[in-house]
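Summary of structural features
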Amino acid sequence: MVGTVVIGGGAAGIAAARTLHDAGKDVLLIEASDRLGGRARSLPLRTLFSREGGSPDWVPAFAGKHVDAGCGWLHSAKRNPWTPIAEAGGFTVDRSDANWRTQWRDLGFAPDDQVAASTAYQDWNERALAALDGPDRPLSDFIDANDPWRPKIDAISGYANGANLSQVSLHDWAAYESAATEDNWSVEEGYGTLVASHAVGLPVRLSTPVTRIDHRDVRLKLDTPAGTIQADYVIVCVPTTVLTKSQIVFDPPLPDKHAAAADLPLGLADKVFLHVDRPEWPTNAHLVGNPYSACTASHRLSPFGWPIVESFFGGDCAEILDDRDAALFAIDELVGLLGSDWRARFTPLTATRWRHEPYIGGSYSHARIGQAGQRAVLAAPVDGRIHFAGEACHAFDFSTAHGAYETGVAAARAVIGESVTIA
């Protein structure tokens, strides 16, 4: 018998379990996979190099350094709760500009076109916000299909929402945009490392998927391959895909939760990591592979001064490249900008495929058109005993690790009996 079982060891689940544990409550965190962090996952840099041919000379100097396969930016960093957690834990927070709006040496993107693209984006943004008082609409309604900068804005939507303009709700998108700030910082040791470290000292069971929650009686019964766990409360902190695929069955059923999860699907954002021999750009430079295409990567050049490139794909482009060689695509884009002699200087290290990750199945949520209100439906507790948390439950900081954190803390405080408002 456990006081509270927290299901899901991502940012929300860890935050919920930490809050309960630190308040002296009986809590158990259980995770279906063999690791903590969920969509916050850091990969040790040294392990990405093949040992067969020997590691590059620089690798020993980067012991303890990580790249983020999942979330990698402390978005809205000055109000992001992970920022003080990182600082208190001795993590290195890099406050330098992300340079997303800068094209290194203007390669493949003439200055006049950069101005025109920026103007088109601002015009689209203003048209969308001006329509907020009306019915919900897809973001694609606010730019003509033949506008020369529609592909670039579509690519940006892919990065930001994990989905292209036609799939994203105006009302949902605007809730995020109105709250987000421009301070986007990064963690040298890895955001995933930070999130997982917050679970140190918590009672945890890995490789323990919950397949059924029986809430017919006074005590909740959670079925797992290792047996049934009884609890007074449960906090469900799983991606919406887990609910839509009925990987957890509720008895009696909770159709409103499944419907809400279906209306908040996970988009897709994937990354490719490349080693580059003798990089010529400054630390944390940036290139868009093809600013005239909706299917292109945002290339982060030498983060923290490391000789790597982190190439980021989103939306339909990520879906397409999921079944193709995304690393080759990234290299082709970079060579197209830098010159053919660069091809031999790039070596693929690894690539993510979040759509195929067990118990996750995607990247971050967006609301279907007309369904922004489903976030509140998903977040609402059931009978005061079953609580829900995760980025998809946040009214405006969805798609982020800090949004997940805040919903986890709020659910834990509700279990404790404290009233909490996320603002």
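Let us look at the structure shown here. Given the structure is predicted, the values throughout are model-derived calculations rather than measurements. (Residues numbered from 1 in each chain as written. Predicted model: local features only at pLDDT ≥ 70, side-chain atom pairs only at ≥ 80, totals over all residues. Heavy atoms only, no water.)

Overview of the overall build of the protein
- When helices and strands are counted, the protein shows twelve helices and 17 strands.
- Over its C-alpha atoms the protein spans a radius of gyration of 22 Å, differing by no more than 12% from the 22 Å that the globule rule assigns to 423 residues.
- Each principal axis of the C-alpha distribution contributes one length, and for the protein these read about 70 × 55 × 35 Å.
- In the protein, once contacts between residues fewer than 6 apart in sequence are set aside, the share between residues at least 24 apart is 72%.
- Here the protein has roughly 17,400 Å² of accessible surface; of this, 51% comes from carbon and sulfur atoms. (Helix = DSSP H or I, 4+ residues; strand = E, 2+ residues; numbered from the N terminus. Rg over C-alpha atoms; globule rule 2.2 N^0.38 Å. Contact = heavy atoms within 4.5 Å. Areas by Shrake-Rupley, 256 points an atom, 1.4 Å probe, with all protein chains shown as cover.)

Let's talk about the pattern of salt bridges
- If you walk through the whole model with that rule in mind, you get 23 salt bridges.
- The shortest N-O distance in the salt bridge between R39 and E391 comes to 2.9 Å. Here R39, found in the loop between β2 (27-30) and β3 (42-44), pairs with E391, found in the loop between β17 (386-388) and α12 (401-416); they are 352 residues apart in sequence, far enough to count as distant. Per residue, the accessibility class of R39 equals that of E391, and both read buried.
- Among the ionic pairs, K221 bridges to D217, the shortest N-O distance being 3.1 Å.
- For K221, a relative accessible area of 25% corresponds to the partly exposed category. (Salt bridge = Lys/Arg side-chain N within 4 Å of Asp/Glu carboxyl O. Buried < 20%, exposed > 50% of the residue type's maximum accessible area, 1.4 Å probe, protein only.)

Re the side chain of H286
- Mapped onto the elements of the fold, H286 is located in strand β13 (residues 285-288).
- Polar side-chain contacts of H286 include one of 3.4 Å to the backbone oxygen of N99.
- Within polar-contact distance, the side chain of H286 engages the side chain of S298 at 2.8 Å.
- Aside from chain neighbours lying at most four places away, what touches H286 is N99, W100, T102, Q103, W104, S298, H299 and L301. (Polar contact = N/O pair within 3.5 Å; in protein donor to acceptor, adjacent residues only side chain to side chain.)

Looking at helix α10 (residues 326-338)
- The terminal C-alpha atoms of α10 lie 18 Å apart, and with 13 residues this matches the ideal 18 Å at 1.5 Å per residue to within 8%.
- For α10, the tally of buried residues reaches ten of 13 residues, placing the bulk of the element in the interior.
- What α10 keeps buried is the set A326, A327, F329, A330, I331, E333, L334, V335, L337 and L338.
- Contacts made by the buried residues of α10 are with β12 (269-276), β13, β14 (298-301), β15 (308-314), α9 (315-321) and β16 (346-351). (Expected span 1.5 Å × (residues − 1).)

Re helix α5 (residues 170-179)
- Buried within α5 are the following residues: L170, D172, W173, A174, Y176 and A179.
- Here α5 starts with a cap whose side-chain oxygen sits 3.3 Å from the backbone nitrogen of H171, and that cap is S169.

Digging into the sheet that holds β13
- A sheet is described by the order of its strands in space; here five strands give the open sequence β13-β14-β15-β12-β16, paired in antiparallel fashion. A single partner strand is all that each edge strand has here, and the edge strands are β13 and β16. In this sheet, adjacent strand axes meet at a mean angle of 25° when their direction is disregarded.
- The pairing of β12 with β16 spans five bridges and is antiparallel. Bridge pairing in β16 links F273 to T350.
- α10 rests against β12, β13, β14, β15 and β16 of the sheet, and its axis sits at about 60° to β12. (Pairing = 2+ DSSP bridges. Axes fitted to C-alpha atoms, helices over the stretch in contact; angles between N-to-C directions.)

With respect to empty space enclosed by the protein
- Inspection of every chain in the model, using the stated rule, returns one cavity of 30 Å³ or more.
- Those elements that provide at least two residues to the lining of the largest cavity are β4 (66-68), β6 (186-187) and β15.
- Take the lining of the largest cavity: its biggest share by element is three residues, from β4.
- Here the lining of the largest cavity is built from residues that sort into six nonpolar, four polar and four charged. (1 Å grid on protein atoms, 1.4 Å probe; cavity = no way out; pocket = protein on both sides within 12 Å on 5 of 7 lines; lining within 4 Å. Points joined across faces, edges and corners; volume = space filled by probe spheres on them. Nonpolar A, V, L, I, M, F, W, Y, C, P; charged D, E, K, R; others polar.)

Notes on the nonpolar core
- Counting residues in each nonpolar core, the largest one holds 40 residues, and the members touching the most others are L274, W281, F313 and F346.
- Residue contributions to this core peak at nine residues, all from α10.
- Those residues in contact with F346 that sit more than four places away from it in its chain are L274, H275, V276, W281, V309, I331, L334, V335 and L338. (Core = buried A, V, L, I, M, F, W, Y, C linked by side-chain atoms within 4.5 Å.)

Looking at the packing of aromatic side chains
- Throughout the structure, instances matching the rule amount to 15 aromatic pairs.
- Judged by centre distance (6.0 Å) and plane angle (80°), the rings of F109 and Y292 are edge-to-face. On the criterion of sequence distance, the pair formed by F109 in the loop between β5 (93-94) and α3 (111-130) and Y292 in the loop between β13 and β14 is long-range, its members being 183 residues apart.
- Judged by relative accessible area, which is 6%, F109 ranks as buried.
- Their ring planes at 45° and their centres at 5.8 Å tell us that Y176 and F398 sit as a pair that is tilted. (Phe/Tyr/Trp six-rings, centres within 6.5 Å; stacked < 30°, edge-to-face > 60°.)

Points about the pairing of strand β1 (residues 2-7)
- Most of β1 is tucked away: six of the six residues are buried.
- In this structure, β1 lies alongside strand β10 (residues 227-236), joined through five bridges in parallel fashion. Across the sheet, V5 pairs through a bridge with V234, a residue of β10.
- The pairing of β1 with β2 spans four bridges and is classified as parallel. Within β2, the position partnered with I7 by the bridge is I30.
- In terms of handedness, the path from β1 via helix α1 (residues 11-22) over to β2 forms a crossover that is right-handed. (Right-handed = clockwise from strand over helix to strand, strands pointing away.)

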